[in-house]
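# Coordinates in review
If you want the building blocks of each chain, they are given just below.
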There are 2 protein chains.
Amino acid sequence: MQPATLTILGSGSALPTWQNSPSGQILTIGDKSFMIDCGEGIQLTMRQMGIKTARLYSIFISHLHGDHCFGLLGLLTTLDMMGRTQPMHIYAHADLEKLLRPMLKYHLQDMKYEVIFHAVHPRKREVIFSDHTVTVETIPLKHKVPCCGFLFYEHHRQIDPVTGVMSYPMHKRYAYCSDTMYKENNIPQLEGVDLLFHEATFTQQWESRCKLTMHSTTHQAATMAQKAKVGQLMIGHYSSREDDHNVFLEEAKEVFPNTILAVERQQYEF
Amino acid sequence: MQPATLTILGSGSALPTWQNSPSGQILTIGDKSFMIDCGEGIQLTMRQMGIKTARLYSIFISHLHGDHCFGLLGLLTTLDMMGRTQPMHIYAHADLEKLLRPMLKYHLQDMKYEVIFHAVHPRKREVIFSDHTVTVETIPLKHKVPCCGFLFYEHHRQIDPVTGVMSYPMHKRYAYCSDTMYKENNIPQLEGVDLLFHEATFTQQWESRCKLTMHSTTHQAATMAQKAKVGQLMIGHYSSREDDHNVFLEEAKEVFPNTILAVERQQYEF
């Protein structure tokens, strides 16, 4: 079995900084590569890193704040120029299609592939994609606008050599939770995942601002990881107020020691 | 008198590469800073370079291909988060307002500053902005979609100490020509400018592809510079087909020796 890999393309929050771009990740799990969120510049970072855009199977957008979706139009344009013919499936809030269709119609008049939007309902936990190796379900989050995370799990068909019985045991599981307040009732869904990405926009000193903007602090992200007994926690979506990411890391480790930082242009195996 | 400065934020063409982002420049002339084109990622590069977004006075968009305007929405969002209250004037083809208004309405519901669109008519040479130090006029270009360049010229009021007569002699002049085919009838307008940016998307070996896509070759850009007797030529908008930018430079210099390359994240005084 191949390890799953997560590539961090952007790990900043709403305001880009000298060190952080808006959100975007690529998860390679089972036999596919999925994009998770697509802030401005994500496709540029992919090209700079030499990641083949043709590898992208589909795209999952957590919510429609600009730092999570403003890079989509550029990416879709590049895919067309690169000669994509395979349809691109985008899973997002229904409003995204209303916003993007007129832009696609104007800017990509002779598009050579189809963009298929799938409306997700951020309040419900539901399976939105499943094939022979990977299943994706939504994780209802709590933010200023409708928002959901995504739980990816890998499964491979196994046939018992004696009985001939087929089963689909789960292998790697990855959960993406951004953007959200601390939301304890998600813990059962996150229980025991191999890697949990949980936003930690603010360090502890900004707790009141965190509540106001409906984000999480380092301690809150780490508490989710601890209570859900996950394998590893990755934090990110760093506020531009704190330059030194080690402050985020040290705070989170106080609650959940096996925490790592999301670092842009880094690839993580799990 | 202060020198004018030109900052190159993006100098690639439609397809981003490991070394080039889509088009974007900042021209500081007279007492103002203007943005010229705004491809995806331009605001990220500004933030990485520590350029204050608050300094931007207005924005000029040559045409509505994505590599010249997909960064606008993100930039306008950041300006709002940074607390801008001064209106932002955008000079572009009328369609830009139709495309961007619904996005601004959705993504920036409580915007604290006004965005004022000014429709430019790419086929006419006309003055579209003028104040006490700078005048901007359009340069009609020839491309696959309506497109115009911009000529910026600085002027300062002078009062003759003897006669008391006021005059407005011109100082620095900068011309931006991208994207365009070779268009000889623009030469009178470009005559003697201090710095001419002219696209040179293709090296000479791609001449037939150049004609098809309505761009210019290195020799064509340099011929414009030579015939218009400009002070210096800067080329850019490099095709992703040629990795080594020195090939562009050497070819252009064969025709017009005082040519330089547009290099991203570099600032040029003139």
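Residues numbered from 1 in each chain as written. Chains lettered and ligands numbered in written order. Predicted model: local features only at pLDDT ≥ 70, side-chain atom pairs only at ≥ 80, totals over all residues. Heavy atoms only, no water.

## Notes on the interface of chain A and chain B
Here is the rule: In this description, contact between two residues means that some pair of their heavy atoms is separated by no more than 4.5 Å. Each of two parts loses accessible area, computed with a 1.4 Å probe, when they are put together; buried area is these two losses added. Salt bridges are identified by distance alone: a Lys or Arg side-chain nitrogen within 4 Å of an Asp or Glu carboxyl oxygen. Here a helix means four or more residues in a row that DSSP labels H or I, a strand means two or more in a row labelled E, and each is numbered from the N terminus. For this classification, Asp, Glu, Lys and Arg are treated as charged, while Ala, Val, Leu, Ile, Met, Phe, Trp, Tyr, Cys and Pro are nonpolar and the rest, including Gly, are polar.
If you look at the interface, chain A gives 33 residues, while chain B gives 33 residues. With both chains or domains summed, chain A and chain B bury close to 2,700 Å², and 67% of this area falls on carbon and sulfur atoms. Seen at the junction of chain A and chain B, the total is zero salt bridges. Looking at the side of chain A that touches chain B, the elements that each hand over two or more residues are α1 (42–49), α2 (66–69), α3 (72–81) and α4 (95–107) of chain A. Tallied by class, the residues present in the side of chain A that touches chain B amount to 18 nonpolar, twelve polar and three charged.

## What about α4(A)?
Stated precisely, the cut-off is as follows: Every helix has an expected span of 1.5 Å times one less than the residues it contains. Throughout, exposure labels follow a simple rule: accessible area from a 1.4 Å probe, protein chains only, divided by the maximum for the residue type, with under 20% read as buried, over 50% as exposed, and the rest as partly exposed.
Between its first and last C-alpha atoms α4(A) spans 19 Å; for 13 residues at 1.5 Å apiece the expected length is 18 Å, and the two agree. Within the span of α4(A), buried status applies to Asp95(A), Leu96(A), Leu99(A), Leu100(A), Met103(A), Leu104(A) and His107(A). Where α4(A) is buried, its residues contact α3, β5 (88–92) and β6 (115–119) of chain A together with α2 (66–69) and α4 (95–107) of chain B.

## Focus on the sheet that holds strand β9 (residues 148–155) of chain B
All names here are of chain B. Keep this limit in mind: One requirement defines pairing of two strands: DSSP has to find at least two bridges between them. Only the stretch in contact is used when a helix axis is fitted, and all axes are lines through C-alpha atoms; the angle between N-to-C directions ranges over 0 to 180 degrees.
Spatially, seven strands are ordered β7-β8-β9-β12-β13-β14-β15 in an open sheet, and the strand pairing comes out mixed. Bordering the open sheet on either side are β7 (127–130) and β15 (259–261), each of which pairs with just one other strand. Sheet twist, expressed as the average angle between the axes of neighbouring strands with direction ignored, equals 20°. Sheet topology places strand β13 (residues 195–199) next to strand β14 (residues 232–236); five bridges connect them, and they run parallel. Looking across to β14, one finds that Leu195 is bridged to Gln232.

## Some points on the relation of the copies chain A and chain B
We apply this condition: Copies are brought into register by a least-squares superposition over C-alpha atoms of residues with pLDDT of at least 70 in both.
In screw terms, the move from chain A to chain B is a rotation of 180° and a rise of 0.0 Å along the axis, fitting with an RMSD of 0.0 Å. Put plainly, the chains are arranged around a two-fold axis. Taking C-alpha positions as reference, the residue of chain A nearest the rotation axis is Gly41(A), located at 2.4 Å. In this assembly the copies share their binding face: 100% of the residues contributing to the interface of chain A also contribute to that of chain B.

## Things to note about helix α1 (residues 42–49) of chain B
Counting along an α-helix, one turn takes 3.6 residues, and residues three or four places apart therefore face a common direction. All names here are of chain B. Counting buried positions over the eight residues of α1 gives six, a clear majority of the element. Taken together, the buried positions of α1 are occupied by Ile42, Gln43, Leu44, Thr45, Met46 and Arg47. Those residues of α1 hidden inside the fold are in contact with β1 (5–10), β2 (24–29), β3 (32–38), β4 (56–60) and α3 (72–81). Directly beyond the C-terminal end of α1, a positive phi value near 75° is found at Gly50.

## Some thoughts on a nonpolar patch on the surface
Residue and element names in this part refer to chain A. Put simply, the rule reads: Patch membership requires more than 30% relative accessible area and the absence of a salt bridge. Residues of like charge join within 9 Å; the nonpolar side chains Val, Leu, Ile, Met, Phe, Trp and Tyr join within 5 Å. Using the Shrake-Rupley algorithm and a 1.4 Å probe, accessible areas are obtained, with residue cover drawn only from the displayed protein chains.
Side chains of Ile159, Met166 and Tyr168 sit close together on the surface and give an oily, nonpolar patch of about 320 Å² of accessible area. The topology assignment puts Met166 in strand β11 (residues 166–167). Owing to a relative accessible area of 44%, Met166 belongs among the partly exposed residues under this scheme.

## Observations regarding the pairing of strand β12 (residues 170–177) of chain B
If a strand is regular, its side chains alternate between the two faces of the sheet. Residue and element names in this part refer to chain B. Most of β12 is tucked away: six of the eight residues are buried. Pairing of β9 with β12 involves five bridges; the strand directions are antiparallel. Following the sheet pairing, Phe150 is matched in β12 by Tyr176. Looking at chain direction, β12 and β13 are connected through four bridges and run parallel.

## Some words on a negative patch on the surface
Residue and element names in this part refer to chain A. Heads up, the rule is: Charge convention: Lys and Arg are scored as positive, Asp and Glu as negative, and His as well as the terminal groups of each chain are ignored. Charge positions come from single atoms, namely NZ of Lys, CZ of Arg, CG of Asp or CD of Glu.
Judged by side-chain charge, Asp243, Asp244, Glu250 and Glu254 come together as a negatively charged surface patch. For Glu250, the location among the structural elements is in helix α8 (residues 245–255). For Glu250, a relative accessible area of 54% translates into the label exposed.

## What about unusual backbone geometry?
The peptide bond linking Ser178(A) to Asp179(A) adopts the cis configuration, its omega dihedral lying at -5°. Among the structural elements, Asp179(A) can be located in the loop between β12 (170–177) and α5 (187–190). Phi is positive for Asp37(A), close to 60°, though the residue is something other than glycine. If you trace the backbone, Asp37(A) turns up in strand β3 (residues 32–38). Despite not being glycine, Arg265(B) has its phi angle at roughly 70°, a positive value. By the secondary structure assignment, Arg265(B) is in the loop between β15 and β16 (266–269).

## Observations concerning the packing of aromatic side chains
Stated formally: Only Phe, Tyr and Trp rings are paired, with Trp represented by its six-membered ring, and only when their centres lie within 6.5 Å; those with planes under 30 degrees apart are stacked, over 60 edge-to-face, the remainder tilted. Working rule: Lys NZ or Arg CZ, within 6 Å of ring centre, within 35 degrees of ring normal, means a charge sits over the ring.
A complete count under the given rule lists 26 aromatic pairs over all chains for this structure. Note on Phe34(A) and Phe60(A): the rings are 5.7 Å apart at their centroids and 70° apart in plane angle, and the pair reads as edge-to-face. Within this pair, whereas Phe34(A) is found in strand β3, its partner Phe60(A) is found in strand β4 (residues 56–60), the two being separated by 26 residues in sequence. Grouping residues by exposure puts Phe34(A) and Phe60(A) together as buried. Relative to Phe270(A), the ring of Tyr174(A) lies with its centre 5.9 Å away and its plane at 40°, an arrangement referred to as tilted. Residue Tyr174(A) is located in strand β12, and its partner Phe270(A) is located in the segment after β16 (266–269); the two are separated by 96 residues in the primary sequence. Taking relative accessible area as the criterion, Tyr174(A) reaches 0% and is therefore assigned buried. An aromatic cluster is present here, built from Phe34(A), Tyr57(A), Phe60(A), Tyr91(A), Phe129(A), Phe150(A), Phe152(A), Tyr174(A) and Phe270(A) joined pairwise through their rings. When the ring centre of Tyr113(B) is taken as origin, the NZ or CZ atom of Arg84(B), which lies over that ring, is 5.9 Å away. Positioned over the ring face of Trp206(B) is Arg241(B), at 4.9 Å from the centre of the ring.

## Digging into the packing of α1(B) against α3(B)
Residue and element names in this part refer to chain B. Applicable threshold: Roughly parallel refers to an angle under 35 degrees, roughly antiparallel to one over 145, roughly perpendicular to one between 65 and 115, and oblique to any angle outside these ranges.
Where α1 meets α3, the axes come as close as 8 Å, and the angle between the chain directions of the two elements is 45°. Compared by their axis directions, α1 and α3 come out oblique. Residue-level contacts link Gln43, Met46 and Arg47 of α1 to Gly74, Leu75 and Thr78 of α3. The residue inventory of the contact of α1 with α3, partitioned by class, reads two nonpolar, three polar and one charged.

Nothing here speaks to function; it is geometry throughout.
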